[in-house]
Structure formats: structure tokens, C-alpha cells
Amino acid sequence: MFELLVPPEKGQLDRLKGDRKAYDVELRPKLMVQAIEQLQYAGVEPDLWKIEGLDSREDCEKIVAAARSGGRNKVSCIILGRGEDDKKVHEWLEIASSVPGFIGFAVGRTTFWEPVVDWRAGKLTREAAVAEVARRYQEFVRIFERGKKSAGWIDAA
């Protein structure tokens, strides 16, 4: 497993006038494909790539194509939440789940951060915090599974 993180460099952000959203949409996906290709060329051959959330199906398809290039047909990807809010993570899960090759997700902070903070502050009991973490996780699973089914790449069973 390889977690591919491609944060912006100062010069890249400067060219985009500090717009991180523009970086995420316009530049990061291309850089991620290049990074995968360079890592593979250097002999890095994970079975699973952990990929930061992507805003388009086309970008997800390009990532899978890069990860599976050169006969690497069994290589898969999972989408990361990057600590984003629920709305953004829902979008990323819907997009990635519709692309064969994205087999799951790793959404940690978005799942547990707020309930843990509320529990530590005494706003939630331990049991309520655990229930909220479970509810959030189950919601992410439902979104991902629904996306796979609607894309038609898994059985609806």
C-alpha cells in the first residue's frame, strides 16, 4: 500500500494566485498521474494506491489507468478524505466509487474528529460519540456502495 500525497509547492500556488481549489482541480490530478508513473519506473509497485479525493470521474479514471498501466491489472485504489468536511467527502466517494479500480476508502478524520472533540469537551457521552462515529462510517459505506451499484460495476445483491 502506498499513500500518494501531492501537496502544492509554493511556486505552484503562486502561479494559481494562492487558489488551493484550482490546484486540486487543475494541477494535482496531473501531478498524481506523473508521480505514479515515476514511482513505478523507480520500482515502487504497490497493490493498493491511497489517493487523495478527486473532483472528477475523468481524473479518477486517469489515476486507475496509471496505477494499472503496463499489465498491473490487479492494482487498485482507495480514496482518502484528507480531513475534509462531510459534504466534500460525500462528493469524492460518489465520484471514485463510480470508477472500476477504486475499491474502497480511507476516511479517518472526517469520520471521527468531531465526535471525539465533542466527547473530550463533555458535549457527548462516550457511547454517543462511538455511535456517531459508527453512523458516519456507515453513511460513507452506503455512499460508496451506492456509487458502485449505480455505475453497474458490482452486483446489486
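This write-up is about the structure you can find in this document. Because the structure is a prediction, the values reported are computed rather than measured.

### Some points on the overall build of the protein
Link 1 in the chain: Across its full length, the protein holds 6 helices and 4 strands.
Link 2 in the chain: Going from N to C terminus, the protein has its helices and strands arranged as β-α-α-β-α-β-α-β-α-α.
Link 3 in the chain: Principal axes of the C-alpha set define a box for the protein whose edges measure 50 × 45 × 25 Å.
Link 4 in the chain: Here the contacts in the protein between residues at least 6 apart in sequence split such that 71% fall between residues at least 24 apart.
Link 5 in the chain: Each charge class in the protein was averaged separately, 26 positive and 26 negative side chains, and the resulting centres sit 1 Å apart.

### Let's talk about unusual backbone geometry
With the exception of glycine, the majority of residues adopt a negative phi angle, and the majority of peptide bonds are in the trans configuration.
Link 1 in the chain: Even without being a glycine, Lys17 presents a positive backbone phi close to 55°.
Link 2 in the chain: If you trace the backbone, Lys17 turns up in the loop between α1 (10-15) and α2 (20-41).
Link 3 in the chain: Taking the relative accessible area as the measure of exposure, Lys17 reaches 76% and is therefore exposed.
Link 4 in the chain: Positive phi outside glycine occurs at Arg82, with the angle close to 55°.
Link 5 in the chain: As for its placement among the helices and strands, Arg82 is situated in the loop between β3 (76-80) and α4 (86-97).
Link 6 in the chain: The exposure class assigned to Arg82 is partly exposed, which follows from its relative accessible area of 28%.

### Description of the pattern of salt bridges
Link 1 in the chain: In the structure shown here, the tally under the stated rule is 19 salt bridges.
Link 2 in the chain: Two residues, Arg28 and Asp24, come together in a salt bridge whose shortest N-O distance is 2.9 Å. Here the residue Arg28 and the residue Asp24 both occupy positions in helix α2, the gap between them amounting to 4 residues, near one helical turn. A single burial state applies to Arg28 and to Asp24, both of which are buried.
Link 3 in the chain: When the shortest N-O distance is used, the salt bridge between Glu45 and Arg72 registers 2.7 Å. Of this pair, Glu45 sits in the loop between α2 and β2 (48-52) while Arg72 sits in the loop between α3 (57-67) and β3, and the two are 27 residues apart along the sequence.
Link 4 in the chain: On the basis of relative accessible area, Glu45 is assigned to the partly exposed category, the value being 42%.
Link 5 in the chain: Within this structure, Asp86, Glu114, Glu132, Arg135, Arg136 and Glu139 form a network of salt bridges that share partners.

### Side note on the environment of Val133
Link 1 in the chain: Structurally, Val133 can be placed in helix α6 (residues 126-151).
Link 2 in the chain: In this structure the C-alpha to C-alpha distance between Val133 and Val116, which are 17 residues apart in sequence, comes to 8.5 Å.
Link 3 in the chain: Those residues within four positions of Val133 in sequence are excluded, and the remaining contacts are Thr111, Phe112 and Pro115.

### Topic: the pairing of strand β4 (residues 102-106)
Link 1 in the chain: With 4 bridges connecting them, β3 and β4 associate as parallel partners. Within β4, the position partnered with Ile79 by the bridge is Phe105.
Link 2 in the chain: As a crossover connection, the stretch from β3 through α4 into β4 is right-handed.

Parameters at a glance
- Residues numbered from 1 in each chain as written.
- Predicted model: local features only at pLDDT ≥ 70, side-chain atom pairs only at ≥ 80, totals over all residues.
- Heavy atoms only, no water.
- Helix = DSSP H or I, 4+ residues; strand = E, 2+ residues; numbered from the N terminus.
- Contact = heavy atoms within 4.5 Å.
- Lys, Arg positive; Asp, Glu negative; His and termini not counted.
- Charge placed at Lys NZ, Arg CZ, Asp CG, Glu CD.
- Buried < 20%, exposed > 50% of the residue type's maximum accessible area, 1.4 Å probe, protein only.
- Salt bridge = Lys/Arg side-chain N within 4 Å of Asp/Glu carboxyl O.
- Pairing = 2+ DSSP bridges.
- Right-handed = clockwise from strand over helix to strand, strands pointing away.

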